[in-house]
Amino acid sequence: MAEMTVIEAVREALREEMERDPTVFAMGEDIGARGGVFLATEGLLEQFGPERVIDTPLAEAAIGGIALGAAVNGMRPVAEIEFGDFVWPAVNQIIGEAARVRYGTQGRRTAPLVLRVPYGGGVRGGLFHSQSIEVAFSHQPGLKVVAPATPYDAKGLLKSAIRDDDPVIFFEHKRTYRLVKGDVPDGDYTIPIGKADVKRTGSDLTVVSYGLVLHYCLEAAATLAEEGIDVEVIDLRTLRPLDTDTVLESVRKTSKAMVVHEDTKAGGIGGEIAAVIAEEAFEDLDAPVKRVAGPEVPAMPFSPLLEAEFMPSAEKIAVAMRELAGY
Amino acid sequence: MATIGIELPQVGESVTEAVIGKWLKQPGDAVEKFDALVEVVTDKVSMEFPAPHTGTLKAIVAAEGDTVPMGAIIAEMEVDSATAEAAAAASEVQANAPAPNRVGTLIQGANVGPTGGTFKDTALEEQLANRIPHASPASDSVPNTAQTSGRTYSPVVSRLAAANGIDLATVVGTGRGGRITKQDVQAAIAAWPSTTPAPAQPVTPAPQVTQDGPVGEDRILEPSPIRRMIADHMVKSVSEIPHAWSTVEVDMTGLVACRTAQRQLFRQRHCADLTFLAFTAHAVARALRDNPLVNSSWEDEKIRLKGRVNLGLAVAAPDGLVVPVIHDADREGISGLAQRIAPLVERARSGSLVLADVQGGTFTLNNTGTLGSVLGGAIINHPQAAIVTTEAIVKRPVVISSPGGDAIAIRCMMNICLSFDHRIIDGAEASAFMQSFKRELEAWTVDSELN
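Residues numbered from 1 in each chain as written. Chains lettered and ligands numbered in written order. Predicted model: local features only at pLDDT ≥ 70, side-chain atom pairs only at ≥ 80, totals over all residues.

Student: Go over the overall build of chain A with me, naming the residues and quoting the values.
Tutor: If you tally the helices and strands in chain A, you get 13 helices and 14 strands. For chain A, contacts bridging at least 24 residues in sequence account for 80% of all contacts bridging at least 6. (Helix = DSSP H or I, 4+ residues; strand = E, 2+ residues; numbered from the N terminus. Contact = placed C-beta atoms within 7 Å.)

In structure tokens, the structure reads:
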């Protein structure tokens, strides 16, 4: 058992998978000689050589296309999109093509690629380095979308993603990279994709979240515990397929639900969770499902003050929790 | 035989809930119609609720100390089928009536809560008009129970209540705006089995005070329902009303002389004691008539000037403060007031006020002087605009101005202290009222004619 950061957990998972399976290789902008803009791939070039740790041109469409081509031909590429904000040129390769490979070939071919996508704000990244784009991919059948929040989950899930036979979009929140530390077991382990994790058990209300703001939810839940309000916090970990069973089981217990994400509200994951709850657990509800999310602005503002205003915080979440608990 | 639910009757217009006091019958007891069934305490009055039917008390639904809404089922009785049918028919008739007024079912009052209260007037009428009493299940046109109290229930609350046979009208909501939450229903379900068998424990947990406990040990008293009502009422008044105060000295020498000289004759003529309270009530009622702003209340960002002068008198009853009301006090002379005050105060002290005695007050007079107080800052009887205290009459050396120069005289002096709602009244209006009051009191002389 070792304590490590999220970025170290990602690096460890990559290294161990590349050691385990020679078909696994890493590619992306600056991931080789520079070790990646966040140093997620630091040391991999030295260990595995330039054939398995490939620096690509600044061309996301090419990154997506090469990864797809390698994957359908028996390799397991782990491609990095430097910043989630720049993923759009690769969308045709990922959504338009990769997502349909298994379906379109009636299962004769699969595309076992992983697209690692650093995303999210709170890092002073401004308009072009802060976006939450996970919902664009989690809408798409044929993809698996993962968004871990802790080092333990990041390592276990990245291993599962690499071993998965279908395309997995692996979202890593930039702010958690070095902010969040946690114990990670030594040796090989995996965490199943599509399984949420109850990060805190409680009886009064259910809070569903993922990524960076999950930690703010836990912080707020600890505050509310001192006020006698018992909050259950669920970490989705996977955004597609959603683990609706875990969410519904919790909501049936607490009868009050809230979704918290950094992404903007309209059309976000929160709406999907709320709809599932309304469809499946209506008879168990004791309050409207609440959403705490980013505001409806086109991108993360550059001003630090406005960025703080944009981001859900433990304080804002605690206010919403109190409101829901008192309903 | 059939089992029917016994509802808590509507007692008084603005009352929406009551606290269940002691149960005077236990499950299994045979009950005659009009037998006292249970004590019911509201912030206006506490009374013994009579059995509406003859039969057997089957189960107590609302336990002692429970706060229950009007119209909620508080017990179940086993009655013969004819009675059950009649009760069902009556409830159906009531279901179509605009508003139930069950005050008539009260037979007698016992001790009384802190407030004479006031009419909520239009707001109240609206509230009554909107209230739809118990619907019979057969009737399609009548909304179901979920709407009877104007409340809506969440899916989980409706489902749990239906599955466990909980009548939501009997559940007290702790959610926002009195919403019934899932936890409230779960608590009701948990409480259900324990209330069905006859509770063998003592029903009234009277304050247990150990006479010879260790020296210096704190003792915890359980406040009576009335004490709790008084507490709530005081907190409400102080937290909602911005209080301001004014004190004025009154020379009562002429009034004292008048009373002393005419007391005996008055008794012979009017069969009533000529009390100071009759004089002060008389004076304050007239002052209120001349200063209508003081006889008002702050309602929904508006000021309601009261059409009547209904004077509440604060009386120390054995169970706590009560405020019986002299309705239309401004229309009475001294004799009429003296004749009305005496029996009212007597009823208050003996705990036998009826509901009508405590309703509709528009202003409160507190005769703190009888307790020896010379200065006070009373808490306004919410939602009235002001309260005045008449303090002790004391002989004091006073400087009297006369054409021949100033002189020091021994005079009977009394302070009158006004607490007023500063949202409605400013110092100027308060002073005008106090000067009116003072003028009325100082107008009496030894040979004034008493009407």
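Student: Now, about the interface of chain B and chain A: what can you tell me, with residues and values included?
Tutor: At the interface, 10 residues of chain B touch nine residues of chain A. Examining the composition of the side of chain B that touches chain A, we find that four residues originate from one element, helix α3 (residues 155-164) of chain B, more than from any other.

Student: Can you break down the nonpolar core residue by residue, with the values?
Tutor: One finds Val207, Cys217 and Met321 of chain A together with Ala281 and Leu311 of chain B to be the most contacted residues of the largest nonpolar core, which totals 198 residues. In contact with Leu311 of chain B, not counting residues within four places along its chain, are Ala281, Val284, Ala285, Val325, Ile326, Ala329, Phe363 and Leu365 of chain B. (Core = buried A, V, L, I, M, F, W, Y, C linked by C-beta atoms within 7 Å. Buried ≥ 20, exposed ≤ 12 C-beta atoms within 10 Å, placed from the backbone.)

Student: Break down the sheet that holds strand β3 (residues 30-31) of chain B for me, citing the residues and quoting the values.
Tutor: Residue and element names in this part refer to chain B. Strand order across the open sheet formed by four strands is β1-β8-β6-β3, with antiparallel pairing between neighbours. With one partner strand each, in any of the chains shown, β1 (2-7) and β3 form the two edges of the open sheet. Alignment of strand β6 (residues 55-60) against strand β8 (residues 73-79), held across four bridges, turns out to be antiparallel. By the bridge assignment, Leu57 is partnered in β8 with Met77. (Pairing = 2+ DSSP bridges.)

Student: Give me the lowdown on helix α7 (residues 151-163) of chain A, citing residues and values where you can.
Tutor: Residues and elements named next belong to chain A. Compared with an ideal rise of 1.5 Å per residue, which puts 13 residues at 18 Å, α7 spans 18 Å between its outermost C-alpha atoms and is within 8% of the ideal. Taking burial as the measure, the 13 residues of α7 include 12 buried ones, the bulk of the element. Along α7, the residues that are buried comprise Pro151, Tyr152, Asp153, Ala154, Lys155, Gly156, Leu157, Leu158, Lys159, Ser160, Ala161 and Ile162. (Expected span 1.5 Å × (residues − 1).)

Student: Help me get a handle on the sheet that holds strand β5 (residues 114-119) of chain A, residues and values and all.
Tutor: All names here are of chain A. The seven strands lie next to each other as β3-β2-β4-β5-β7-β6-β12, forming an open sheet whose pairing is mixed. Looking along the sheet, the strands with just one partner apiece sit at the ends: β3 (53-55) and β12 (238-240). The sheet shows a mean angle of 20° between the axes of neighbouring strands, taken without regard to direction. (Axes fitted to C-alpha atoms, helices over the stretch in contact; angles between N-to-C directions.)

Student: Tell me about the packing of helix α9 (residues 212-226) of chain A against helix α13 (residues 314-326) of chain A, residues and numbers included.
Tutor: Residues and elements named next belong to chain A. Orientation of α9 relative to α13, taken along the N-to-C sense of each, is 55°, at an axis distance of 8 Å. Comparing the axis directions of α9 and α13 gives the class oblique. Crossing of α9 over α13 shows right-handed handedness. Contact residues: Tyr216, Cys217, Glu219, Ala220, Thr223 and Leu224 in α9; Ala314, Ile317, Ala318, Met321 and Arg322 in α13. Split into classes, the residues belonging to the contact of α9 with α13 amount to eight nonpolar, one polar and two charged. (Parallel < 35°, antiparallel > 145°, perpendicular 65-115°, else oblique. Left-handed = near helix turned anticlockwise from the far one by under 90°. Nonpolar A, V, L, I, M, F, W, Y, C, P; charged D, E, K, R; others polar.)

Student: Break down the confidence of the model for chain B for me, with residues and values.
Tutor: Residue and element names in this part refer to chain B. Confidence in the prediction of chain B, expressed as mean pLDDT, is 80, and 79% of residues score 70 or more. When the criterion is pLDDT under 50, residues 131-149 qualifies, and its contacts beyond four places in sequence or with other chains add up to 34 contacts. Segment residues 194-208: pLDDT under 50, and 15 contacts once partners within four positions in sequence are set aside and those in other chains are kept. Here the prediction assigns the complex a pTM of 0.51, and the interface score ipTM is 0.74. (pLDDT = per-residue confidence, 0-100.)

Student: With reference to specific residues and values, describe the environment of Phe25 of chain A.
Tutor: By the secondary structure assignment, Phe25 of chain A is in strand β2 (residues 24-28). Each C-alpha atom, one on Phe25 of chain A and one on Leu44 of chain A, is 10.0 Å from the other, the two residues being 19 residues apart in sequence.

Student: Can you explain unusual backbone geometry? Please cite residues and give values.
Tutor: For the peptide bond that leads from Arg240 of chain A to Pro241 of chain A, omega is -5°, which places it in the cis range. Along the chain, Pro241 of chain A turns up in the loop between β12 and α10 (244-254). With omega at 5°, the peptide bond leading from His382 of chain B into Pro383 of chain B counts as cis. Residue placement: Pro383 of chain B occurs in the loop between β16 (363-366) and β17 (386-390).

Student: Can you explain the packing of helix α7 (residues 276-290) of chain B against helix α10 (residues 427-442) of chain B? Please cite residues and give values.
Tutor: All names here are of chain B. Two elements in contact, α7 and α10, have axes whose closest approach is 8 Å; the angle formed by their N-to-C orientations is 140°. As far as their axial angle goes, α10 and α7 are oblique. In terms of crossing hand, the pair formed by α7 and α10 is right-handed. Contacts from Phe279, Ala283, Val284, Arg286, Ala287 and Asp290 in α7 reach Phe433, Ser436, Phe437, Glu440 and Leu441 in α10.

Student: Give a description of the environment of Gly142 of chain A that names residues and reports values.
Tutor: All names here are of chain A. In this structure, Gly142 sits in the loop between α6 (134-138) and β6 (144-146). Distance in space between the C-alpha atoms of Gly142 and Ala99 is 4.4 Å, their sequence separation being 43 residues. Excluding residues that lie within four positions of it along the chain, Gly142 makes contacts with Ala99, Arg100, Arg102 and Tyr103.

Student: Before we move on, can you summarise α7 of chain B with the specific residues and values?
Tutor: Residues and elements named next belong to chain B. With 15 residues, α7 extends 21 Å between its outermost C-alpha atoms, agreeing within 8% with the 21 Å of an ideal straight helix rising 1.5 Å per residue. When you tally the buried positions in α7, you get 11 out of 15 residues, the bulk of the element. Of all the residues in α7, the buried ones are Leu277, Ala278, Phe279, Thr280, Ala281, His282, Ala283, Val284, Ala285, Ala287 and Leu288.

Student: Let's hear about the environment of Ala278 of chain A: which residues, and what values?
Tutor: Residues and elements named next belong to chain A. Within the secondary structure, Ala278 sits in helix α11 (residues 269-281). The exposure class assigned to Ala278 is partly exposed, which follows from the 14 C-beta atoms found within 10 Å. Spatially, the C-alpha atoms of Ala278 and Leu248 are 9.9 Å apart, while their sequence positions differ by 30 residues.

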